[in-house]
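This is what each chain is made of:
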Amino acid sequence: MTKDKVLDDLKEIRSIMDKSTRFISLSGMSGVMAGIYALIGSVVGYCIINDAGIRRDTFSYEKLMVSSIAENHGMLIILVAGIVALLSIVTAFLLTQKKARKHKQSIWSSQTKRLVAHFAIPLFTGGVIVLVLLQYKIIGLVAPAMLIFYGLACVNASKYTIGTVLYLGLTCIALGLINTQFIGYGLYFWAAGFGICHIVYGAVMYYKYDR
């Protein structure tokens, strides 16, 4: 048995083990599209904030505790974020389903269930925290909380899917923590984390696993 044959056999064994423990059909292109949606949403959000007449230098500590955004503008921003999330989820499902069929892997397997469960717990917790922040009008910490808990969700789920997701999660956590020290710049950090990072890591996943 040649050395090349042994290496090929080991690669095949590793591939079989990965398929049995990880959901490897996660589409990199879905990450790229989610990033594009997030950047478009950020531009729309920026226009809404400008329309409300809010300047970054108005975000003092006192303004952190009281929303500077009129209720109607705030609802518009929440609506935009919801649309971005919905488009990202639908796109991820369709592209991942296509890739799963290509790899002859069920899109709703035991691996997928573990992935979704470990992703959903930190994400749901973060969603509740964000709602509490909105309830008490602590607007300045909404974007950091979203980035941090989304990053935790990615890190928690990474052991059940492609390893690149781990680094996406760590990057989002770092951006969220930094954002806590730059209140008033949340939209820019949000665009960097959910937009640029998704595009970069999605492209890496696509060229590494999808092609």
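Residues numbered from 1 in each chain as written. Predicted model: local features only at pLDDT ≥ 70, side-chain atom pairs only at ≥ 80, totals over all residues. Heavy atoms only, no water.

A. Expanded view of helix H5 (residues 110–135). Over its 26 residues, H5 runs 37 Å from end to end, which matches the ideal 38 Å to within 8%, given 1.5 Å per residue. Ala120 marks the point of greatest bend in H5, at about 30 degrees, and the proline Pro122 comes within the next four residues. Regarding H5, the residues found buried are Gln111, Thr112, Leu115, Pro122, Gly126, Val130 and Leu133. (Helix = DSSP H or I, 4+ residues; strand = E, 2+ residues; numbered from the N terminus. Expected span 1.5 Å × (residues − 1). Bend = angle between axes of the 7 residues up to and from the residue. Buried < 20%, exposed > 50% of the residue type's maximum accessible area, 1.4 Å probe, protein only.)

B. Just unusual backbone geometry, in detail. Its identity as a non-glycine residue notwithstanding, Lys137 has a phi of 60 degrees, on the positive side. Mapped onto the secondary structure, Lys137 falls in the loop between H5 and helix H6 (142–157).

C. Local environment of the packing of aromatic side chains. Inspection of every chain in the model, using the stated rule, returns 6 aromatic pairs. When the centroid spacing of 5.2 Å and the interplanar angle of 55 degrees are considered together, the rings of Tyr150 and Phe194 count as tilted. Taken as a pair, Tyr150 in helix H6 and Phe194 in helix H8 (residues 186–210) lie far apart in primary sequence, 44 residues in all. Neither residue differs from the other here; Tyr150 and Phe194 are each classed as buried. Note on Phe182 and Phe189: the rings are 6.3 Å apart at their centroids and 25 degrees apart in plane angle, and the pair reads as stacked. What makes Phe182 partly exposed here is its relative accessible area of 43%. Here the aromatic cluster, defined as three or more aromatic residues joined through ring pairs, consists of Phe119, Tyr150, Trp190 and Phe194. (Phe/Tyr/Trp six-rings, centres within 6.5 Å; stacked < 30°, edge-to-face > 60°.)

D. Inspection of the packing of H6 against helix H7 (residues 164–179) at higher detail. Direction vectors running N to C along H6 and H7 enclose 160 degrees, while the axes themselves pass 7 Å from each other. Accordingly, the angle class assigned to the pair H6 and H7 is roughly antiparallel. H7 is crossed by H6, and the crossing has left-handed handedness. Contact residues: H6 offers Ala143, Pro144, Leu147, Ile148, Tyr150, Gly151, Leu152, Cys154 and Val155, while H7 offers Val165, Leu166, Leu168, Gly169, Leu170, Cys172, Ile173, Leu175, Gly176, Leu177 and Asn179. (Axes fitted to C-alpha atoms, helices over the stretch in contact; angles between N-to-C directions. Parallel < 35°, antiparallel > 145°, perpendicular 65-115°, else oblique. Left-handed = near helix turned anticlockwise from the far one by under 90°. Contact = heavy atoms within 4.5 Å.)

E. Structural view of the nonpolar core. Core analysis: the largest hydrophobic core is formed by 17 residues, its most contacted members being Val84, Tyr150, Leu168 and Phe194. Mapped by element, the contributors of at least two residues to this core are helix H2 (28–51), helix H4 (71–102), H6, H7 and H8. Those residues within four positions of Val84 in sequence are excluded, and the remaining contacts are Tyr37, Ala38, Gly41 and Trp190. Counting 5 residues, the second-largest nonpolar core is a separate cluster that includes Leu133, Ile138, Val142 and Ala145. (Core = buried A, V, L, I, M, F, W, Y, C linked by side-chain atoms within 4.5 Å.)

F. Local environment of the side chain of Thr91. Relative to the assigned elements, Thr91 resides in helix H4. What makes Thr91 buried here is its relative accessible area of 14%. Leave out the neighbours within four places in its chain, and Thr91 touches Ser30, Met33 and Tyr37.

G. Fine view of H6. Helix length check: H6 (16 residues) gives 22 Å between terminal C-alpha atoms against 22 Å at 1.5 Å per residue, within 8%. All of the buried residues along H6 are Val142, Ala143, Pro144, Ala145, Leu147, Ile148, Tyr150, Gly151, Ala153, Cys154 and Ala157. Check the buried side of H6 and you find it contacts H5, H7 and H8.

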